[in-house]
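# Coordinate inspection notes
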Protein chains: 2
Amino acid sequence: MDFNQKRLEKQQYVDDILKQYMASSDYKYDQIIYEAMSYSLMAGGKRVRPILMLTAYEISGGQNTTEVEAFMAAMEMIHTYSLIHDDLPAMDDDDYRRGRLTCHKKFGEDIAILAGDALLNHAYEIMTEACIHREPSLIVKALLAMKEIATAAGTQGMIGGQVVDMVDKSNINLNMIEFIHLHKTSAIIEASLTAGAYLAGASEEEVEHFRSIGRCIGLAFQIQDDILDITSTTEVLGKQVGSDHKNGKATYVALKGLEASKSEVAHLMKKALEELQQLQGDRKEFLKAFILYLRNRKK
Amino acid sequence: MDFNQKRLEKQQYVDDILKQYMASSDYKYDQIIYEAMSYSLMAGGKRVRPILMLTAYEISGGQNTTEVEAFMAAMEMIHTYSLIHDDLPAMDDDDYRRGRLTCHKKFGEDIAILAGDALLNHAYEIMTEACIHREPSLIVKALLAMKEIATAAGTQGMIGGQVVDMVDKSNINLNMIEFIHLHKTSAIIEASLTAGAYLAGASEEEVEHFRSIGRCIGLAFQIQDDILDITSTTEVLGKQVGSDHKNGKATYVALKGLEASKSEVAHLMKKALEELQQLQGDRKEFLKAFILYLRNRKK
């Protein structure tokens, strides 16, 4: 089976898990919240974060993927909540996401705020439930996985990066941009890998290798986003092109230029591959191919 | 020491815990998020939920309150996040809360959305950390406490109630109002008590007694809010009086009348006290007095 087929198969697997772990209710008057959550959660997307988590779990010797499923679903729910809230009028004010109306355009701002809140909360609910049912000797490792995710999603990660991305841009410098990239994007990609490793019972040393790989992929991924925001088309990207640039957002490309940015992406992906070489295990091929796939992505 | 002195002492203890568990950063450009989180978290309030949790923990025989502190802080952070998001222009659009400007009026809508998100996320981060450090034999009980809180905060609880509270009110009936009260207010009060009990290692039977007590207190608490919205003054209440009534919100009082609502509060609080009688333990006096205090509250 070729890489792309494998990747799409894993993507489908993530979609199936998401449906399985979505919340639901038999009551009549609260259905709109589940519709809004599903609308954004099932809007497609490459499912990069859960696929990375699964891959790290497998490389670290995990044998039973049901052990990682709740955390994969949780990770994508956290990613989706952050997109819903980022798109709100008070934030980036975007009308389109993944080629369709953003959650607040479709359901109204009030429901979009609550749908984001609900996805974030549900992520922790299903991870907690999964920890309860883990065999006793591995509960602490599962909790360490949840801790990685929580730290990466909070003010020491994604939210902290988002805040600095919103401050006055007149004095922006490369250090601030690096802070934004490390916190807003890398942290959660690192956590996808480290959580997967912890769930397989990996050692601290192994976890740290995955953290380095995640940091390289995450930084490259964000610089790519900035590049694509300038060079791609709305049709390919599924959201407005140049919107970050137009909003005066700090981008790596604006400060370093397009060519230097492209080299940095290549350099970071190379570093990720070198770090991967240092890991043990015979199931590294997919992650290697996945890193190359991310390097070459067009949206 | 009289009850009110004890209550204020516990309130101060909660404030101290909140300061201890708040997130912080040494970076310069992200300080505003911590300011906004603290502004709302430390705005006063009666700290009803963490005090109930502590009380259930003590009645259930808990001996070391450091075991429950992270969960007390988390509960108040979750309560505060829900207030910040409820106050947003797209939701209730309130300018004042606890006698001061609401979070978005003070820091802007974007920061208020993120401050709410950050408090919700941080709540889970500190609970997860606390579970990791619990002695192995009690980790599952601590996870069950976290699960109670997560379920009560999500679409099966607070968020679900909020959604139904927002739907078209032209066909509102008493069943819907009860759904709203049970989900929006009772669920999290129940969870405060059940989580406290679980953290002390309580049995399922004991936990269910606390759930019944929480349900009665929660329902009474919400009906009281509706009563106070009509009968109190802005000065006493610290927020606009009649705002729920004016916004056409479904209230128990509007459907049942003021006198019937007052009797229902008295009836529910009596039921809570009867349920409390059925619990073992010699540390029930404070909870009994606290229920009487809640019954007579003026704000």
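Residues numbered from 1 in each chain as written. Chains lettered and ligands numbered in written order. Predicted model: local features only at pLDDT ≥ 70, side-chain atom pairs only at ≥ 80, totals over all residues. Heavy atoms only, no water.

A few words now on the relation of the copies chain B and chain A. Each of the two chain copies can be brought onto the other by rotation about an axis and movement along it. With an axial shift of 0.0 Å and an RMSD of 0.0 Å, the rotation relating chain B to chain A amounts to 180 degrees. Seen this way, the second copy is the image of the first under a two-fold rotation axis. Interface overlap between copies is the fraction of interface residues in one copy that are interface residues in the other; for chain B against chain A it reaches 100%, indicating a shared surface. (Least-squares fit on C-alpha atoms with pLDDT ≥ 70 in both. Contact = heavy atoms within 4.5 Å.)

Under the local residue numbering, the UniProt record ascribes the feature "coiled-coil region" (unreviewed entry) to residues 262–289 of chain A. Here residues 262–289 of chain A is 75% helix and 0% strand, with 19 Å between the C-alpha atoms at its ends. (UniProt positions renumbered as here; feature names shortened; annotations may be inferred. Helix = DSSP H or I, 4+ residues; strand = E, 2+ residues; numbered from the N terminus.)

Here the focus is the nonpolar core. With 199 residues, the main nonpolar core has Phe71 and Ile78 of chain A together with Phe71 and Ile78 of chain B as its most contacted residues. Dropping the residues within four chain positions of it, Ile78 of chain B is found in contact with Leu120, Ala123, Tyr124, Met127, Ile149, Ala153, Met158 and Ile188 of chain B. Counting five residues, the second-largest nonpolar core is a separate cluster that includes Val167, Met176, Phe179 and Ile180 of chain B. (Core = buried A, V, L, I, M, F, W, Y, C linked by side-chain atoms within 4.5 Å. Buried < 20%, exposed > 50% of the residue type's maximum accessible area, 1.4 Å probe, protein only.)

The next thing to look at is the packing of aromatic side chains. Under the criterion given, the structure shown has 17 aromatic pairs over all chains. With centroids separated by 5.3 Å and ring planes inclined at 35 degrees, the aromatic side chains of Phe3 of chain B and Phe286 of chain B adopt a geometry described as tilted. Of this pair, Phe3 of chain B sits in helix H1 (residues 3–21) while Phe286 of chain B sits in helix H15 (residues 285–295), placing them 283 residues apart in sequence. When its relative accessible area of 22% is taken as the criterion, Phe3 of chain B is described as partly exposed. Judged by centre distance (5.6 Å) and plane angle (25 degrees), the rings of Phe286 of chain B and Phe290 of chain B are stacked. Within this pair, Phe286 of chain B and its partner Phe290 of chain B are both found in helix H15, separated by four residues, close to a single helical turn. Comparing Phe286 of chain B with Phe290 of chain B, the two get one shared label, buried. Grouped by ring-pair contacts, the aromatic residues Phe3, Phe286, Phe290 and Tyr293 of chain A constitute a single cluster. Taking the ring centre of Phe221 of chain A as reference, the NZ or CZ of Arg297 of chain A above it sits at 3.7 Å. (Phe/Tyr/Trp six-rings, centres within 6.5 Å; stacked < 30°, edge-to-face > 60°. Lys NZ or Arg CZ within 6 Å of the ring centre and 35° of its normal.)

All right, on to the packing of helix H10 (residues 204–231) of chain B against helix H14 (residues 258–277) of chain B then. Residues and elements named next belong to chain B. Where H10 contacts H14, the axes come no closer than 9 Å and their chain directions differ by 155 degrees. In terms of axis orientation, H10 runs roughly antiparallel to H14. Judged by the twist between their axes, the crossing of H10 over H14 is left-handed. On H14, the residues touching His209, Ser212, Ile213, Cys216, Ile217, Leu219, Ala220, Ile223, Gln224, Ile227 and Thr231 of H10 are Leu258, Ser261, Lys262, Glu264, Val265, Leu268, Met269, Lys271, Ala272, Glu275 and Leu276. The residue makeup of the contact of H10 with H14, split by class, is 13 nonpolar, five polar and four charged. (Axes fitted to C-alpha atoms, helices over the stretch in contact; angles between N-to-C directions. Parallel < 35°, antiparallel > 145°, perpendicular 65-115°, else oblique. Left-handed = near helix turned anticlockwise from the far one by under 90°. Nonpolar A, V, L, I, M, F, W, Y, C, P; charged D, E, K, R; others polar.)

To continue, consider the interface of chain B and chain A. With 51 residues of chain B at the contact, the number on the chain A side is 51 residues. Buried area between chain B and chain A, summed over both chains or domains, comes out near 4500 Å², and the portion from carbon and sulfur atoms is 73%. Taken as a group, Tyr29, Asn121 and Thr155 of chain B account for 12% of the area that chain B buries against chain A, more than any other trio of residues on that side. If you look at where chain B meets chain A, you find two salt bridges. Note that Lys147 of chain A and Glu129 of chain B form a salt bridge whose closest N and O atoms lie 2.6 Å from each other. The interface formed by chain B and chain A holds 14 residue pairs in polar contact (both at pLDDT 80 or more) in total. At 15 residues, helix H6 (residues 109–132) of chain B tops the list of elements feeding residues into the side of chain B that touches chain A. Split by residue class, the side of chain B that touches chain A holds 33 nonpolar, 11 polar and seven charged. (Buried area = accessible area lost by both parts, 1.4 Å probe. Salt bridge = Lys/Arg side-chain N within 4 Å of Asp/Glu carboxyl O. Polar contact = N/O pair within 3.5 Å; in protein donor to acceptor, adjacent residues only side chain to side chain.)

Turning our eyes to something else, we now look at helix H3 (residues 48–59) of chain B. Helical geometry note: an α-helix holds 3.6 residues per turn, so side chains three or four residues apart project in the same direction. Residue and element names in this part refer to chain B. The end-to-end C-alpha separation of H3 is 16 Å, in line with the 16 Å expected for 12 residues at 1.5 Å each. Within the sequence span of H3, burial applies to Val48, Arg49, Pro50, Ile51, Leu52, Met53, Leu54, Thr55, Ala56, Tyr57, Glu58 and Ile59. Backbone geometry just after H3 places Gly61 at a positive phi near 95 degrees. (Expected span 1.5 Å × (residues − 1).)

To continue, consider the pattern of salt bridges. A full pass over the atoms with the stated rule returns 28 salt bridges over all chains. The salt bridge partner of Glu58 of chain A is Lys10 of chain A, with a shortest N-O separation of 3.5 Å. One end of the pair, Glu58 of chain A, is in helix H3 (residues 48–59); the other, Lys10 of chain A, is in helix H1 (residues 3–21), with 48 residues separating them in the sequence. Comparing Glu58 of chain A with Lys10 of chain A, the two get one shared label, buried. Residues Arg47 of chain B and Asp15 of chain B are paired through a salt bridge, measuring 2.8 Å at the closest nitrogen-oxygen approach.

A few words now on the state of the cysteines. Applying the stated rule across the entire model yields zero disulfides over all chains. For Cys131 of chain B, which is in no disulfide, the shortest distance to another cysteine sulfur is to Cys131 of chain A and amounts to 7.9 Å. (Disulfide = S-S within 2.5 Å.)

Quick look at unusual backbone geometry now. All names here are of chain A. Phi at Asp93 takes a positive value of approximately 55 degrees, unusual for a residue other than glycine. Of note, Asp93 is situated in the loop between helix H4 (66–87) and strand S1 (96–97). For Arg98, which is not glycine, the phi dihedral falls at a positive 50 degrees. As for its position among the elements, Arg98 is in the loop between S1 and strand S2 (100–101). Classification of Arg98 as partly exposed rests on a relative accessible area of 27%.

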